[in-house]
Each structure stands twice: as C-alpha cells, then as structure tokens.
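Below are the chains, spelled out letter by letter.
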There are 2 protein chains.
Amino acid sequence: MTVSEYIFDFLQKKGCDTVYMVSGSSAMWLTDALRRNEALKAVCCHHEQAAAMAADCYGRTRGVPGICLATIGPGATNAITGAAGAFVDSSPMFVLTGQANSRLIRYEMDTGIRQHGTQSLNLEPIVSPMVKYFACVLEPGDIRRVMEQAWHEAMDGRKGPVWIDVPVDVQNKPVPDEMEGFHAPGQAPECMDLSAAAQGLARAEKPLILAGGGVRGAGAAALLARLCQTLQIPVATSRGGIDVIASDSPYFVGRPGSYGDRASHFAIQQCDYLLILGSRLSISTTGYYPQRFGQNAYKVMVDIDQKELDKPGVPVDWKISMDAGAFLERLLGCCAGLEPADHSPWLSHCREMRRQYPNVLPGYAQERPLNSYHVSRLLSRCASADCDIVVDTGSVCNIVSQSWELKEGQRYLISGGLSAMGFWAGAIGAVREGRQVLALSGDGSVQMNVQEFATLRYNRLPVKLFVFQNSGYMLIRHNQHNYMNDRFLGVGPDSGLETPDFCKVAAAYGLDSCELTADDDLESAFQEILAKDGPFVCQLRVQEFGEIAPKIASRVMPDGSLKAAEFDDLYPFL
Amino acid sequence: MTVSEYIFDFLQKKGCDTVYMVSGSSAMWLTDALRRNEALKAVCCHHEQAAAMAADCYGRTRGVPGICLATIGPGATNAITGAAGAFVDSSPMFVLTGQANSRLIRYEMDTGIRQHGTQSLNLEPIVSPMVKYFACVLEPGDIRRVMEQAWHEAMDGRKGPVWIDVPVDVQNKPVPDEMEGFHAPGQAPECMDLSAAAQGLARAEKPLILAGGGVRGAGAAALLARLCQTLQIPVATSRGGIDVIASDSPYFVGRPGSYGDRASHFAIQQCDYLLILGSRLSISTTGYYPQRFGQNAYKVMVDIDQKELDKPGVPVDWKISMDAGAFLERLLGCCAGLEPADHSPWLSHCREMRRQYPNVLPGYAQERPLNSYHVSRLLSRCASADCDIVVDTGSVCNIVSQSWELKEGQRYLISGGLSAMGFWAGAIGAVREGRQVLALSGDGSVQMNVQEFATLRYNRLPVKLFVFQNSGYMLIRHNQHNYMNDRFLGVGPDSGLETPDFCKVAAAYGLDSCELTADDDLESAFQEILAKDGPFVCQLRVQEFGEIAPKIASRVMPDGSLKAAEFDDLYPFL
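Residues numbered from 1 in each chain as written. Chains lettered and ligands numbered in written order. Predicted model: local features only at pLDDT ≥ 70, side-chain atom pairs only at ≥ 80, totals over all residues. Heavy atoms only, no water.

Draft legend 1. Up close: the overall build of chain A. Looking only at helices and strands, one finds 24 helices and 20 strands in chain A. For chain A, the C-alpha radius of gyration of 24 Å lies close to 25 Å, the compact-globule estimate for 574 residues. Structurally, chain A occupies a C-alpha span of about 70 × 60 × 55 Å along its principal axes. For chain A, with 574 residues in total, the buried portion stands at 66%. Look at the contacts in chain A between residues 6 or more apart in sequence, and 76% of them connect residues 24 or more apart. For chain A, the exposed surface amounts to about 19,100 Å²; the carbon and sulfur share of it is 47%. Here chain A contributes 51 positive and 65 negative side-chain charges, whose respective centroids are spaced 2 Å apart. (Helix = DSSP H or I, 4+ residues; strand = E, 2+ residues; numbered from the N terminus. Rg over C-alpha atoms; globule rule 2.2 N^0.38 Å. Buried < 20%, exposed > 50% of the residue type's maximum accessible area, 1.4 Å probe, protein only. Contact = heavy atoms within 4.5 Å. Areas by Shrake-Rupley, 256 points an atom, 1.4 Å probe, with all protein chains shown as cover. Lys, Arg positive; Asp, Glu negative; His and termini not counted. Charge placed at Lys NZ, Arg CZ, Asp CG, Glu CD.)

Draft legend 2. How the structure looks around the relation of the copies chain A and chain B. Screw-axis analysis of chain A against chain B gives a translation of 0.0 Å along the axis, an RMSD of 0.0 Å, and a rotation angle of 180°. Given the turn and translation reported, the copies of this chain are related as if by a two-fold rotation axis. Taking C-alpha positions as reference, the residue of chain A nearest the rotation axis is Ile126(A), located at 2.2 Å. Here 99% of the contact residues of chain A are again contact residues in chain B; the copies associate through an equivalent surface. (Least-squares fit on C-alpha atoms with pLDDT ≥ 70 in both.)

Draft legend 3. The state of the cysteines, seen in detail. All names here are of chain B. In this structure the tally under the stated criterion is zero disulfides over all chains. Here Cys382 stays unpaired: no disulfide links it, and the sulfur of Cys387, its closest cysteine neighbor, is 11 Å away. With a relative accessible area of 14%, Cys382 lands in the buried category. Between Cys514, a cysteine without a disulfide, and Cys538, which holds the nearest cysteine sulfur, the sulfur-to-sulfur distance is 4.0 Å. (Disulfide = S-S within 2.5 Å.)

Draft legend 4. Seen up close, the interface of chain A and chain B. Taken together, the contact pairs 97 residues of chain A with 96 residues of chain B. The contact between chain A and chain B buries some 8,100 Å² in all, and 59% of this surface belongs to carbon and sulfur atoms. Taken as a group, Arg114(A), Tyr458(A) and Leu489(A) account for 10% of the area that chain A buries against chain B, more than any other trio of residues on that side. For the pair chain A and chain B, the interface holds two salt bridges. Of the charged contacts, one joins Arg487(A) and Asp32(B) as a salt bridge, the two residues approaching to 2.6 Å between their closest N and O atoms. (Buried area = accessible area lost by both parts, 1.4 Å probe. Salt bridge = Lys/Arg side-chain N within 4 Å of Asp/Glu carboxyl O.)

Draft legend 5. View of the pairing of strand β12 (residues 318–321) of chain B. Residues and elements named next belong to chain B. What you see with β12 is a clean split: Trp318 and Ile320 sit on the buried side and Lys319 and Ser321 on the side with no burial. Bridge analysis of strand β11 (residues 298–303) against β12 gives four bridges, and the strand direction is parallel. Looking at the pairing, Val302 lines up with Ile320 of β12. (Pairing = 2+ DSSP bridges.)

Draft legend 6. Structural detail: the pairing of strand β18 (residues 536–541) of chain B. Residues and elements named next belong to chain B. Here β18 lies mainly inside the structure; five of its six residues are buried. Where strand β16 (residues 463–469) and β18 come together, six bridges link them in parallel fashion. By the bridge assignment for β18, Gln469 is matched with Arg541. Bridge count between strand β17 (residues 513–516) and β18: four bridges; the pairing is parallel. From the neighbouring strand, Ser513 faces β18, where its bridge partner is Val537. Taken together, β17, helix α24 (residues 522–530) and β18 form a β-α-β motif whose crossover is right-handed. (Right-handed = clockwise from strand over helix to strand, strands pointing away.)

Draft legend 7. Quick peek at the environment of Ala427(B). All names here are of chain B. Among the structural elements, Ala427 can be located in helix α19 (residues 427–430). Sequence separation between Ala427 and Ala54 is 373 residues; the distance between their C-alpha atoms is 6.4 Å. Excluding anything up to four places from it in sequence, Ala427 contacts Val390, Val437, Ala439 and Val463.

Draft legend 8. Layout of the nonpolar core. Counting residues in each nonpolar core, the largest one holds 211 residues, and the members touching the most others are Phe94(A), Trp163(A), Phe453(A), Phe94(B), Trp163(B) and Phe453(B). Not counting the four nearest positions on each side in its chain, Trp163(A) is found in contact with Ala76(A), Ala79(A), Ile80(A), Ala83(A), Val95(A), Thr97(A), Leu123(A), Val127(A), Val131(A), Tyr133(A), Phe134(A) and Ala135(A). (Core = buried A, V, L, I, M, F, W, Y, C linked by side-chain atoms within 4.5 Å.)

Draft legend 9. Geometry of helix α11 (residues 218–231) of chain A. Residue and element names in this part refer to chain A. If you check α11, its first and last C-alpha atoms are 20 Å apart, about what 14 residues at 1.5 Å a residue would give, namely 20 Å. By the burial criterion, the buried members of α11 are Ala220, Ala221, Leu223, Leu224, Leu227, Cys228 and Leu231. Across the axial projection of α11, the buried residues extend over an arc of 160°, all falling on one side. Facing away from the buried side of α11, by more than 90 degrees, are the exposed residues Ala218 and Gln229. Contacts from the buried residues of α11 go to α10 (195–203), β7 (207–211), β8 (235–237), β10 (273–277) and α15 (324–333). Gln232, located one to two residues past α11, shows a positive phi value of around 55°. (Expected span 1.5 Å × (residues − 1). Arc of directions from axis to C-beta.)

Below, the structure written as structure tokens:
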C-alpha cells in the first residue's frame, strides 16, 4: 500500500465518501489513489477556493470531515480562504496537498530560500495559523501517526481543519508494514456539577438561552429542544446557531446581532438568567458595548474553547469549559424533579415582542423593484424541510438571516466568522442524497466563484442558486453612503464595478435559469423552481439600495471614529 | 492628513498611478482616500486574486511596484496566491489590506484566539513567509517609517511584495506632524574586479550567457545586448528572462528547460564558459541532473540573492552576489581594449543548431484540429512590437514559451516560480498607454479568473485573450496518460471536469469574441483581432491531447519513483 492509498483508505474507513478537488501534477499519486479508491467519489471543482468551501460545507452537514484535495503552491494557497473559514467556524476538514520532492521542500524549510522546486511553497508557516494540525509528510512511515493525529484534531474538542502536505516522491512510496500510531492524550472525565445551572434556569423569572454554532448538529439541537420544553425557556440564536431551532418553535425568540431583530435584543436585555451555549459572543452578535450585553442577567457561558471563555467583553458570571452537547446532556440529567418557575408569562412576552416587531414588514411585498426581505421570506416559506440553505456573504447574509423562516431539519450554512464572499459554492459540498440545496447569494459574491457554474452543470447537482442582483456590493454601497458622503468606489456600475446578467452567464455554462422581477408571481415561480431536478439559477432583480434593517447604527464622530448605538436601540429608532 | 491619505500620497509621489482593488467595509477609509486621490486611478477587480496578479504585472512592466488594495480576512487571503507569485518571481508590489479594529487584532495577536473581530485574521504569521516586509500599523505615527521601509524592501536588492495591514480605526486617524522615517542600512559600494570574467568570456572558445529574470527590464536588457555585441556571445534565456532578447537577434540561441529546445540544450552542454546571469537555475531550467548542467564549462553565476548562490545543484566555479544590471555595467567597463577570440564559428554553430532543430515543425500548420505550437508561432508573427504578452500556466505556458517569436520591445510575463493558474488576469495590470496586451491561456486557467471578464468589459481594457480550448487540463492529461496508464481524473469531460464555451461566456459578459478552428484563415483572423480596440476573446479549438515537445521525458521505475532523461537527450529522442 502506498502513502496515497493509505490516506484515502483511512478516510474512507472513517466514513468519508467524497473528495472535492482540483487536479495537478504534484498531487499526481494522491489523485490516482483517489481515482482507484472505489468507495470515494471525486467532485472536480474549477478553483481550489470552491473545493475548500465545498469540503467545509460537507464537514458541517455530516458527522465526518470534508476533504479537499489540491496541488502544490498555488493550488494550496487558493485553498487558504476556505480553510481559514472552516477554522473560525469550527468545521472539520482535511486539506490534502501535493508538494515538491521531499529533498527540495526540506531545503526550502531549512534555508528560507524563496523557492527551490518550481511551484513549491513551504506551507507550514503559512497555513499553520489557520488549521488545528499541519504535517508535511517527509517519511512514509509517519503516515499512520499523521492521519490518526489529524483525524483526532479535526474532530476532537473544538473542531476545525487539518492540513496534510505530501511531497510528490513520498506519495507513491510504500508504507511500512508496522507503523507507530497516535495516542490521544487521556482526558479526565468531566465531573462538573451542573445542578446549580439547572436550578438557576428553572428558578429564574426570565431565563433565556443564546445558542450558537457549538449547538450545531442533530444531537445537540435535539437536546436543546428537550431543555426548552423541560424548563420552558426561550431561545435566541447567533448567526452560527441559526439552524438549531425551527422558526415556528414556540421557544424561538429571534436572532440578535448587528443586523438582528428587536425581540431578541429586548429579550437579552430583559432576561435575568442568560445561558450562552456554544456562542463565542462576537461583536456582530453582542453589539459594540459587550459589557452591557444581557446586563440584567446572571450569565453562564458554556464553550469548548477556553480561549473564548477567557476573552474580555461580556462580563460572564460562570464560565464552563465544555462541549455544548455534553453540557446539555448533563444539564438535562440535573433537571429531573425540578419544579421550574412559571415561565409562561415570559415566554408569552417574548412571543409577543416577536409578533410586535417583525423584521419583514407587510409593505415590503408591494415594493418595486423587489424588496430582498420579502423575497427571502417568501422563498423560505416555499422551501421544504428536506432542503439545506447556503447563504453567501454580504447584504444577502444579513437580509436572509433576518428573514428566513427555518423549518425543522433544514441546515443553514454561512461563512460566519470569516464571512468570505463566494461561499455560495460551498453548496457543492452541502448536497446530500435525497435533499436539495438552496444557495442564496448577491451578484458580487456569485462572481467570486462563478467558475463553479461548470461544476454544478457537469455533476447535475441539485443546487438552486438564487442571485440577489443588486448591481454590485450593496453593503459597501450603504457604507459609502453612510460614512463617505456618497463618495462611491467599487460598488456598482457608477463607481467602477459592473456584474453580468447571471441568466446569460448561466446559459453560457449550460444551466437553466430565469429572472424574476416585481412583475412576476414569485410564489408560483419559486414552487416551480424548487420542483425541478438538477441545478438552476434564478436571478432576482432586487432593490440596489434597499434598506438593511433593523440594525445597530453607527455614526462618524468629529475625531473620525465611529460611534455605535446601544444593543436595544436598533435603527430605525422606535 | 489621515493614515490612509498618507499611504496613497506616498505611493503616488513615488510614481505609482494605479491601484487594483476589491472594496470592503474594513478597508473603508483606505478606499475613500484612494477615491479622493486625484492622481491615482482605481481599477476594480472581481476577486482579490486577480487584483494581486494585476498588481504583479504592473510591477513587472513599470519601474515602480504594483498596488493591490483588499479588505480584511477573506479579502486578504484571496490575495495570497498573487502575492506568493510576485515573491518567487521577484516582482515589486504593495498589498494594502484593511484589518479589524486595532484593539481586536492586538488581542488576536496576543492570545492566538481563532478570531476576535468578525472577518479578521492575524495576517502576520500567514503572509510574512511570502513577502519581503509585513507591517500591521497599530500606531498612526508609525506610518512614515512603515511606508519608507516597505518601499525600500519592495525595490531594493531582489525585489518582491510587501504587505501593509491597517486596522479600520487607524485608517482614519490623523498622522502626527513629525514622524520618524526609515533609514536604509548603508551599503558598502561594490568593488569586485570583474576583469577576469570579461577576459574569460572574451577568451573562451564557446562562451554562452544564460539570462534569467534578473536581467528583466529595459536597462539591464540593453546592457546585455551591448555585451553580446561587444564580445560576440550567444544568449539562452530561462523562462523568467524570455523577454530580455528578441528572437530574431543573431545572438539568441533558445530557451532551455524541461520544455525547452534542443539548440539551447546542446549549446549549454557544449559551451566552455557559461555566464549565468540573474537565473536561479531552477530544476525546470536545468533538468534533473543539475550536477551535469553545462558540464564542460567554467561557470560563473551572478545573482542578487545569496541564498540562490548557496543552493546546491549546479557546481558553479565563481559565484558573484550582485545585481545583474550592475554586473553588466561593470563588466562592460572591463571589456574596453579586450581582444575577444573569434566567436563566429561558435555563433554560427549555435544558429545552425537553432535552424536544424526547430520546435515548431513545418507539418504542424496542416494538422487538424489546430496544433497549439502552430497557433502560437503564427500569433507571435502577427503581433506587433508594441504589445505585451501575458501567458498563463499549464501546457499553454510550455507551448507558447517554446514557440513565441519575441519582438524587441515586447514584454513576456508568466507566473514563473509559482506557476499559478489564472495568471491571464494579470493582463489587467499589464495594460499601458498606447500598447495592447495579448493574454494566452488554456480553458482550465481562464476558468480560475473568469469573473474578470467583467473587469475587461467595464474598463474597456485593450486585452486580447486567446483561449487555447483543449477541453480541460492538458498537461495533467498527459501526466495521467504517461504515468497512470490512462486512469484519468479531473482533466476533461470524460473524467469529471468540463469547461464552457468561452465565446458564450464572453457574450454573457458583454465581450466580443470569435472561435477559430483549423478551417479558418488564422493569419487574417489574428490580424483582424489585433486591429480591434478594447477587449476581445478568441477561442482556439486546439488539439485536446497535442504533443508537448521537445521535453525532458521521465519514466516510472519499478520502485514507483520517476527517472528523467538527460538534459541534452530531449524527447522525441533523435
């Protein structure tokens, strides 16, 4: 068995079934081993950026890491944005790259010469900061330990990407019969008593849970649902945790953040006990005055990453370093026999706030050109529970996250921490048997991975791409309007940047498409699109300068700095 | 004056006139300062990868660095491939990126937390290995020193990219009236006596110069021409130095390398004095047995980078650490009064070999579908001297570099060391007043930056893109044919990858285009295309599996390793 064969054999036995790749000479033996592995499917992308994003979305939607295979040098650097995104969003992923001959890359490592072999870059210093584990495999006999440790790192604790770089001469070398394995450090079993947390939630008058990406996945989300029901507690979700609770759940309050909703912001400021579960409390969740976030509440924060608990900002009363799923399980065990206080007035109040302060206003449906909030809401109502949603970065991410009514079972995938444009192409990896994927993107972001239209077409992927065509970069257009006195640059046709008609681009790539405007019957058009097999591109002619609200507004101070409004004082001001 | 204003004011005063950019919120004040700087032009690209490659090509064709402006996080990581390419190819370049608030990025730096501010990544460890200088500007008062040092690093010695990262709150801060500058370390004046080299070249029977990227640029190339004439010495060029001598020069022998030509390989093995000038002697230049490269010659190597001189491989007799231009000037000074040996038999012999062993065989013109060598040669004959050529990576780079007849004044730009696919988009930055740019690319590489069709269109750039449509990745197809028994994966429509019809894609982006096949009168079609204003896409239906030759062939040994043929024993074997 060669090193390359070992790698794919290992991954396949662990349950991985697909590899997202771009071929290249320096990954030749890796590619061939993949080609010969009958249990693995290869999906060939047209840029490593997309292959990495696809692997990221695969890792988020399965119990195993996604795999990205790329070649040396530029193949590797092209995959960096995707790996960095997986890192900050805690998504398990293997990046496999071909490398120059081991003699050449050793020399690069030893001397710091700019380059020795053609195309090669010494990747270790470059990619190590954005992966949990990096190894350049210089000895065939190391491959077992490397793969075992890489798997452990990708999947254990806070998940994330790992990167295995294999010199071309090592790829085809036989592995020894006997190889050292990796021994994961033993972990002391968790024995923290959580009964105080159970009692605190039960006894509080206005308890609230803020759930984030750490609750992602069927297991933890189901435990969360049980906790809500057991103790009758409402839930708000950060961007990373949008899909942990259905929008029609009686416990769902809303999604706080810079572009959030009033109900969840009020609930956070009114609650008296706040359980922060698997959310890192980024500024885009807490607003700009984290010290006043949930200021009336006793705050418990549960996070698997001690660094997130140590972070300054929100003053947390009790920090618990633990996996959110394990915490929920343990906590539920402490709930038996508890007599929770009557939370129904609080729950009703939260629901009432949600009803009173909708993000999608009734008048939006009549606006011309199309209002993006209206479009997104309507599409969410048309989408079935057996589809997953990939939302790209930019105004579309804010709008859709503020308006999407999530059905139970739907996964909602965004480039959260990194917020990389072009993330729609992650849809390639989100595709699962018997389900379809809706990808929602702005025209500027579609451009960043437009070459992947070819991948959708070739593989007949059941991806419906909805392009919010707002003629450029709408979020930056707002930014330049708000802070630069309308000195626009690089945001639209009047300022240096024009995106194409994506129906024409779709046609050029052999994809079916349609354009929808305010003149169309959107609902029946959406139903028709969603009933189709295979890929489809739907271009929505939306407002080019549509308001994105509610939001935490900022203004420029005399010294040039920006001052933001308070968390519960969203624009438009009440 | 704010930090952002200072940056662009500095660059503009140094002679830069264009910035290649993608806008983003975290670069908002940088963008606005650029917008308000009347001496600078902004070209908005649709992906930072292309913006960086455009800046690279700008830096190669002007006396000043190219500038790429990108935003935080994914904007920065998207620019990495372009920066790495500029680094290994010694191209001066400024990458300017927006960064998170300085408080947040400081915290990331201090703690190693995955991320603090949204979108932010601590870039220093990631990009430092591929730039000559990196600074994250945390204090406004540092900006003068940072810019002066960055400029020095980009332009001094072996050129390369520098990277300035500016937190969003610092971007708009005023700079102090008084700021420390940067003091470049004093350099002892070069006083090496080169008369031995002059005498060696003059007295040798069969002297040869191998010129590389270090001779790039009008100044050094003119000195090289004078040296050839003065001492009557033939010149071979590495890939990086293709444009330092016109193909019709009586001193031009050829372009050695893995995909080279017989004349230059024979000349290198026959010469008795080899002056290696600004070429790092990469394996793709020397072949796989560097110890036998120029084995009959006394070898002098001149390189500005001591690390290149220290590199093992070719046994060099005299290593001179010096800029190639300065060396040539000094050397010419030593030639006065020298009586060179009669080199005319050797020169005639070199020219005769060149005549005897052409790369482009007469029969190629009749082949159907089109033979890429024929196409490239013909196009080079149609191209005027006042155009520059950008050649993308892959089989096209090999084919065009083996067949292009370079006219005096033409610049020939490739992604040499990194060999990044998608480099055709660098053509955006190669555009100069009164000249046009011919970009030659394969279909697989066009895909890697296809979004830039929008940039060509919007800016009406005089770029003629010639797409060698060979249905995928031809170089990898050969590789899988030669070494994998035709187990194809990810190289064409039969193996997981299909590229579009680029005439259709061009039309979708509003670009004029045409397709040429073996049925067309190529010469008049080329002349028509080259006479057009503005951008144009020409898709050439070439052979999908056309032979790439001559080349240094390799075969797989029983132990799985590859064994290459000798440098002067090119395939097809004589």
